[in-house]
Structure formats: C-alpha cells, structure tokens
Amino acid sequence: MRIVTTPMCEEVVKISGINNYIVNKNPDEEDGDLAILLSESKVEMESLPIKLNTPCQLFESIREVSKLNEQLDDDEILEFFSDYPLCLKYLKNQENSHVKVKVYSNFLRDIISNMGFEMSDENYDYIIYPDYLLDELENSDAQLVEIPSHIFVAKNPFERIEMRYSILEKLI
C-alpha cells in the first residue's frame, strides 16, 4: 500500500511505525492508495483523516494510524507524551470554567473545550482567535489572545500543542 501524508501529519505516521510513505502537501499529486491528512483537508484518493489539535486527538490519531502497521498499545503511545508536560496534563479534559472566552475557529474550539474554559458570546474575559484573523479583531475592546495557526507552528504535533497550550495556560 502506498501511503501519502501531509507534512503536518508526518510525525504521527512516523510514530505509528510506518516507514514507507511519501510526504506531499497535496496528496492527490502522488500515485498513492491512502492519504493520511488533517480532517479538514479533502482529497480524491481514499483517506484517513486525523485531528491533531488536542492531546486527546493526537493520542487517538496515533492509535488509528498505528492500526495500519503493528498497532501500538496505550502505554506505548503514552511514552511519546513523556517529554511534553502540557500534552500529558491535558490528555484528559480540565476544569477552568472560571475563565470565559469567545472563540473564533473550530480548531481553537477543540483546544478551549479540552482545557475546560467556558465558551461564551457575551461577558467573556478574552477573545481567542487564530493569527490569520487579527485584522478583523484589531478594534475590539476585549483582551485578545492570538494563537498561531498552521502556517506559523512546528510540524511536530506535540510541539504545536505545547506552544498553543502554553499561551492559553497564562489565562488561568
């Protein structure tokens, strides 16, 4: 089976023990049998869409991709989290409902929900938004918290989660 993955998903493919794969930002440009890509991406070939926004999603994605090879058990997957303290901390949902936030973007909703913040469209403490929406929010009176999108983050999903969560942890 010829597997094609996007750069943002390559680390999960490696961790899952798959050695023979092709990396291409546009998997349909390759002659592949299966594309492993972020869930919001669409391709013509058969695909395995994965989510990598939260530690829980990352854990489940590694579990699913590893089924294509020698399936990793939960303890083996947890070992990959050991060098990433925020990933470990938020592997289970947290309670931080004393902080109210307005959220722009679906990928940020996943993160905010996992961290236990209360999402609200009124009486919020902060507006959480992806970097590509800055121009739309510059005139807001609320405290703005910018989170880097896919363009300005590490391709390693653990590092990406650590960076985004460290920004949001300052709100607690």
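Residues numbered from 1 in each chain as written. Predicted model: local features only at pLDDT ≥ 70, side-chain atom pairs only at ≥ 80, totals over all residues. Heavy atoms only, no water.

Side note on the overall build of the protein chain
- The secondary structure content of the protein chain amounts to seven helices and eight strands.
- Taken against the 2.2 N^0.38 rule, which gives 16 Å for 172 residues, the C-alpha radius of gyration of the protein chain at 17 Å falls within 12% of a compact globule.
- A total of 172 residues make up the protein chain; the buried ones form 47% of that total.
- Considering only contacts within the protein chain whose residues lie at least 6 apart along the sequence, 49% involve residues at least 24 apart. (Helix = DSSP H or I, 4+ residues; strand = E, 2+ residues; numbered from the N terminus. Rg over C-alpha atoms; globule rule 2.2 N^0.38 Å. Buried < 20%, exposed > 50% of the residue type's maximum accessible area, 1.4 Å probe, protein only. Contact = heavy atoms within 4.5 Å.)

With respect to the environment of K14
- Within the element layout of this structure, K14 appears in helix α1 (residues 10-15).
- The class for K14 is partly exposed, based on a relative accessible area of 44%.

Remarks on the pairing of strand β7 (residues 126-130)
- The element β7 is largely enclosed, with a buried count of five among its five residues.
- Covered by surrounding structure in β7 are Y126, I128 and P130 together with I127 and Y129, the residues of both alternating faces.
- Alignment of strand β5 (residues 100-103) against β7, held across three bridges, turns out to be parallel. Bridging from a neighbouring strand, K102 pairs with I127 of β7.
- Bridge count for β7 against strand β8 (residues 143-147) is five bridges, and the pairing is parallel. By the bridge assignment for β8, Y126 is matched with Q143. (Pairing = 2+ DSSP bridges.)

Some points on the packing of aromatic side chains
- All told, the structure shown has four aromatic pairs when counted by the stated rule.
- Look at Y84 and F158: their rings are 4.9 Å apart centre to centre, the planes differ by 15 degrees, and that puts the pair in the stacked class. Taken together, the positions of Y84 in the loop between α3 (74-81) and α4 (85-89) and F158 in helix α7 (residues 157-169) put the pair 74 residues apart, joining distant regions of the chain.
- Judged by its relative accessible area of 2%, F158 falls in the buried class.
- An aromatic cluster is defined as three or more aromatic residues linked by ring pairs; in this entry it consists of F59, F81, Y84 and F158. (Phe/Tyr/Trp six-rings, centres within 6.5 Å; stacked < 30°, edge-to-face > 60°.)

Section: the sheet that holds strand β4 (residues 47-50)
- Reading across from one edge, β2-β1-β3-β4 is the order of the four strands in this open sheet, with parallel pairing throughout. Whereas interior strands pair on both sides, the edge strands pair on one side only; in this sheet they are β2 (21-23) and β4. Mean inter-strand twist for the sheet, computed between neighbouring axes without regard to direction, equals 20 degrees.
- Across three bridges, the pairing between strand β1 (residues 3-5) and β2 is parallel. Looking at β2, one finds that I3 is bridged to Y21. (Axes fitted to C-alpha atoms, helices over the stretch in contact; angles between N-to-C directions.)

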